[in-house]
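Residue strings, one per chain:
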Amino acid sequence: MMDIADEAVIVNSSRLKSVVWNDFDRVKKGDTLVAICHHCKRKLSGSSTSGTSHLRNHLIRCRRRSNHDVTQLVTRGKKKDGTLTVANLSFGQEQRKVEALSIVNTTFEHGNRKDGSISLGTNNFDHKRSQLDLARMIILHGYSLAMVEDFGFRIFVRNLQPLFDLVTFDRVEADCKEIYQIEKHKVYEELAKLPGKVSLYADTWVANGDSKYLSLTAHYIDDTWQLKKKILNFLALDPSQTEDVLCDAIMTGLRNWDIDRKLFSLTLDNHSRYDDIVRRIRDQLCEHRYLVCNGQLFDVRCAANVVKLMAQDALEISFEISQKIRESIRYVRSSQAVQDKFNEMIQLAGISSQKSLCLDNPLHWNLTYFMLEAAVEYRDAFVHLQEHESLYTMYPSGTEWDRASAISSFLKLFVEVSNVFAGNKFSTANIYFPEICDIHLQLIEWCQNSDDFISSLALKMKQRFDEYWKKCSLALAIAAILDPRFKMKLVEYYYPQIYGNSAPDCIDIVSNCMKALYNGHAVCSPLTSQGQGGATCQVGTFGTGAINDSRSRLTGFDKFVNETSQSQNVKSDLDKYLEEPLFPRNVDFSILNWWKVHTPRYPILSTMARNILGIPLSKVSSEALFNTGDRAIDQPWVPLRSETLQAVMCTQDWMSSELEDSKSSSNPPLAICYDAK
């Protein structure tokens, strides 16, 4: 900024060729020339030796300028190639100190731009691309679509980039749907090229406590042996919908993605209301012979969900005990005097625990466990406090303390198992069998407790668990067998403890199912003479189905060849795998890497492993693992129309996955955010 005396004279600027002078007055005082902005009256150097770059710079940034048409900020003359040049734009506070950001040799087309882009040096400013980048940002981070109409946001964008045409809610909504279609095509092509099957899980979401949605998510292992998940559909649920309507919605989603013939399993919550839906879908798929072994492993229930339901059973029955402990902790924390007294009782009882007393949150069942665990360790201190504090009346009895200790041990196991499930972003199916077996054994022991209160609670939990075990024990066991560190040994270790004298028969059931699944995959393998149909072969009972009448007439022959080959002492992949020694157990073991390396040795069994290890035996995310309710849609997206909500929910999932993949590779993490094609 420069000081100008009253005697300053406006210089005739008609001889000045740059159009920048249309927005400035050139004023002379003595030997000093100053350019005064018409819009904000700011004074900058007007000397001919200073050039006009700083004046163009100022006009781009001038907030009071009514017209931000920077296409008028051009250098002298018109280039032969039809472009006009803005040269050496700098952002400085003083003319004499050219510093900070500088845009050099910025060009754009004169007149209307066919592609809507403006070249900024080696980069292009593209209106359409910037619109899609804005929509991607909103999707990826879960922002409200209405933010584009917020006054503060519009001011920020206008000052940041005057060239960007501000968008409306309707425009950004359309952009989100356009991005959804672009990303959906990528996912569709990825699913079409999969070498194996796809497993699906269905999850319920809520919005504002009453609206419900059903998400369908695909789980699969791709050609690089990476476990992937993709949300395929996000559907609004009508409470009046019948099971037929819901079943049709799921089947329609499968057909639209063209994965009905690729489906291997369906994972749902542990509720009997889903039984009929699973049966209907399985019957439709078996009618076309799409399922391996008639879908013997098709019906899967969520492991984390059954653990959560058992934890809720424990908390529900022990509510009065938990409430007394909750009030006891509140009393201790009611004043500093009581806290000091309680500390004296801790010393008197000789308690050395370092745990802090804490209150729980009813919405997170693991926090109730932490509350009970700490309180039980200070049990004797609470007993002494009861004797010294007459106002402390809401205390548990001795029996209630014993029961609280037992409940705490129940919840401890459930928390530990749940943490194993949440240990990895995507857990392969082999990790669940030992954890579920440990729960099974503990339930058997708890049912024998001498306290009727504890034994009746354990019996209720075991009845719920038995329903889950009946549906999922085969899938759990076979996935564990496909872990080269365990094979059949883990089943042979746990089943005698669980079944006692019936263990040999139960182990045979698992072994026979394993062989049937292997035969089913062998029939359709392009590596076997009876599997010429390759990936197009659709498997029925024991893998002997077909997709055309001609092949159907020979399905009995396929089965005959498999059985006679085995009887002729031709060792299969499965035989070789089970006979070889166990792989050493270590913390760095990756089962998917192991199967990737050993695919040439076990070509058919590796196909089976790809399909079974990709089953989502638990569908609860780590964020929702200990929540007592359904997953909730983020508030900014609750008001969206159902088709828009599906677009942003699915696209956010796809983009987040791609971003995570890029972080673990050599690709730039932001590459996915700038692919507008």
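Residues numbered from 1 in each chain as written. Predicted model: local features only at pLDDT ≥ 70, side-chain atom pairs only at ≥ 80, totals over all residues. Heavy atoms only, no water.

Under an unreviewed UniProt entry, the name given to the protein chain is Zinc finger BED domain-containing protein RICESLEEPER 1-like, and the source organism is Coffea arabica. Its UniProt record gives the protein chain the following Subunit (unreviewed entry) comment, quoted word for word: "Homodimer." The heading Subcellular location (unreviewed entry) in the UniProt record of the protein chain holds the text "Nucleus". (UniProt positions renumbered as here; feature names shortened; annotations may be inferred.)

Caption draft 1: Looking closely at the overall build of the protein chain. Scanning the protein chain for helices and strands turns up 22 helices and 16 strands. Classification of the 677 residues of the protein chain by burial places 49% in the buried group. Sequence-distant contacts in the protein chain: of pairs separated by 6 or more residues, those separated by 24 or more amount to 65%. Here the protein chain has roughly 33600 Å² of accessible surface; of this, 49% comes from carbon and sulfur atoms. (Helix = DSSP H or I, 4+ residues; strand = E, 2+ residues; numbered from the N terminus. Buried < 20%, exposed > 50% of the residue type's maximum accessible area, 1.4 Å probe, protein only. Contact = heavy atoms within 4.5 Å. Areas by Shrake-Rupley, 256 points an atom, 1.4 Å probe, with all protein chains shown as cover.)

Caption draft 2: Fine view of the pairing of strand 13 (residues 227-237). Within strand 13, eight of the eleven residues are buried, which leaves the element mostly enclosed by the surrounding structure. Both strand 12 (residues 211-221) and strand 13 contribute to a ladder of ten bridges, which runs antiparallel. By the bridge assignment, L216 is partnered in strand 13 with N233. As consecutive antiparallel partners, strand 12 and strand 13 are separated by five residues, and within that stretch W225 has a phi angle of approximately 65°, a positive value. (Pairing = 2+ DSSP bridges.)

Caption draft 3: Examining the nonpolar core more closely. Of all hydrophobic cores here, the largest spans 113 residues; its most connected members are L411, F414, F433, I478, Y495, W595 and I612. In terms of residues, this core owes the most to one element, helix 14 (residues 452-481), which gives 17 residues. Within the second largest apolar cluster, 34 residues are counted, among which are L232, L254, I259 and L291. (Core = buried A, V, L, I, M, F, W, Y, C linked by side-chain atoms within 4.5 Å.)

Caption draft 4: Fine view of the side chain of E400. Note on placement: E400 falls in helix 12 (residues 398-421). A residue is classified by how much of its surface remains accessible, and E400, at 14% relative accessible area, is buried. Those residues in contact with E400, other than ones at most four positions away along the chain, are I321, K324 and Y395.

Caption draft 5: Summary view of the pairing of strand 3 (residues 32-37). When strand 2 (residues 24-29) meets strand 3, the two strands line up antiparallel, connected through six bridges. Residue pairing across strands places V27 opposite V34, the latter belonging to strand 3. Counting the residues between successive antiparallel strands, the hairpin from strand 2 to strand 3 contains two residues, one of them, G30, with a positive phi of roughly 65°. By the bridge criterion, three bridges tie strand 3 to strand 4 (residues 43-45) in an arrangement that is antiparallel. Of the residues in strand 4, the one forming a bridge with A35 is L44. The hairpin formed by strand 3 and strand 4 contains five residues between the paired strands, and K41 there has a positive phi angle of roughly 65°.

Caption draft 6: The arrangement of the pattern of salt bridges in detail. This structure, assessed with the given rule, holds 32 salt bridges. Put simply, D269 and K619 hold a salt bridge, and the shortest N to O gap is 2.8 Å. Within this pair, whereas D269 is found in the loop between strand 14 (263-268) and helix 6 (275-287), its partner K619 is found in the loop between helix 21 (603-613) and strand 16 (631-632), the two being separated by 350 residues in sequence. Residues D269 and K619 agree in their burial class; the two are buried. One salt bridge connects R464 with D313, and the closest N-O pair in it is separated by 2.8 Å. Taken together, the residues span a long stretch of sequence, with R464 in helix 14 and D313 in helix 7 (residues 303-317) at a distance of 151 residues. (Salt bridge = Lys/Arg side-chain N within 4 Å of Asp/Glu carboxyl O.)

Caption draft 7: Highlighting the confidence of the model for the protein chain. Scored by pLDDT, the protein chain has a mean of 82; 79% of the residues are at 70 or more. The low-confidence segment residues 118-122, where pLDDT is below 50, has 17 contacts with residues more than four positions distant or belonging to other chains. (pLDDT = per-residue confidence, 0-100.)

Caption draft 8: Seen up close, helix 15 (residues 488-499). Compared with an ideal rise of 1.5 Å per residue, which puts twelve residues at 16 Å, helix 15 spans 16 Å between its outermost C-alpha atoms and is within 8% of the ideal. Three or more residues of helix 15 are buried, namely M488, L490, V491, Y494, Y495 and I498. Buried positions in helix 15, seen along its axis, are confined to an arc of 140° and lie on one side of it. Among the structural elements, helix 13 (432-446), helix 14, helix 16 (503-524) and helix 19 (573-579) are those in contact with the buried residues of helix 15. (Expected span 1.5 Å × (residues − 1). Arc of directions from axis to C-beta.)

Caption draft 9: Quick look at the environment of K341. Inspection of the secondary structure assignment puts K341 in helix 9 (residues 336-349). With sequence-adjacent residues up to four places away left out, K341 is seen in contact with L385, H388 and E389.

Caption draft 10: Examining the packing of helix 14 against helix 15 more closely. Between helix 14 and helix 15, the shortest axis-to-axis distance is 8 Å and the interhelical angle comes to 145°. Counted together, W469, S473, A477, A480 and I481 of helix 14 and M488, L490, V491, Y495, I498 and Y499 of helix 15 form the full contact between these two elements. Taken together, the residues that form the contact of helix 14 with helix 15 break down as ten nonpolar, one polar and no charged. (Axes fitted to C-alpha atoms, helices over the stretch in contact; angles between N-to-C directions. Nonpolar A, V, L, I, M, F, W, Y, C, P; charged D, E, K, R; others polar.)

Caption draft 11: Broad picture of the packing of aromatic side chains. Tallied over the entire structure, the rule returns 31 aromatic pairs. Between F465 and Y468, the aromatic rings sit 6.2 Å apart at their centres with planes inclined by 50°, giving tilted as the arrangement. In this pair, F465 and Y468 both sit in helix 14, three residues apart, roughly one turn of the helix. F465 gets classed as buried once you look at its relative accessible area, which sits at 0%. With relative accessibility at 1%, the residue Y468 sits in the buried group. (Phe/Tyr/Trp six-rings, centres within 6.5 Å; stacked < 30°, edge-to-face > 60°.)

Caption draft 12: Summary view of the side chain of R610. Mapping R610 onto the fold places it in helix 21. Buried and without a salt bridge, R610 has D222 as its closest oppositely charged side chain, separated by 5.6 Å. Setting aside residues up to four positions removed in sequence, R610 forms contacts with P195, G196, I221, D222, D223 and W225. (Lys, Arg positive; Asp, Glu negative; His and termini not counted.)

Caption draft 13: Spotlight on unusual backbone geometry. For W225, which is not glycine, the phi torsion reads 65° and is therefore positive. Here W225 is to be found in the loop between strand 12 and strand 13. Although it is not a glycine, D258 adopts a positive phi angle of roughly 60°. Inspection of the secondary structure assignment puts D258 in the loop between helix 5 (243-256) and strand 14.

Caption draft 14: Layout of the state of the cysteines. This model, assessed by the stated rule, comprises zero disulfides. In this structure C293 is a free cysteine whose sulfur lies 6.6 Å from that of C513, the closest cysteine sulfur available. The class of C293 is buried, set by a relative accessible area of 8%. (Disulfide = S-S within 2.5 Å.)

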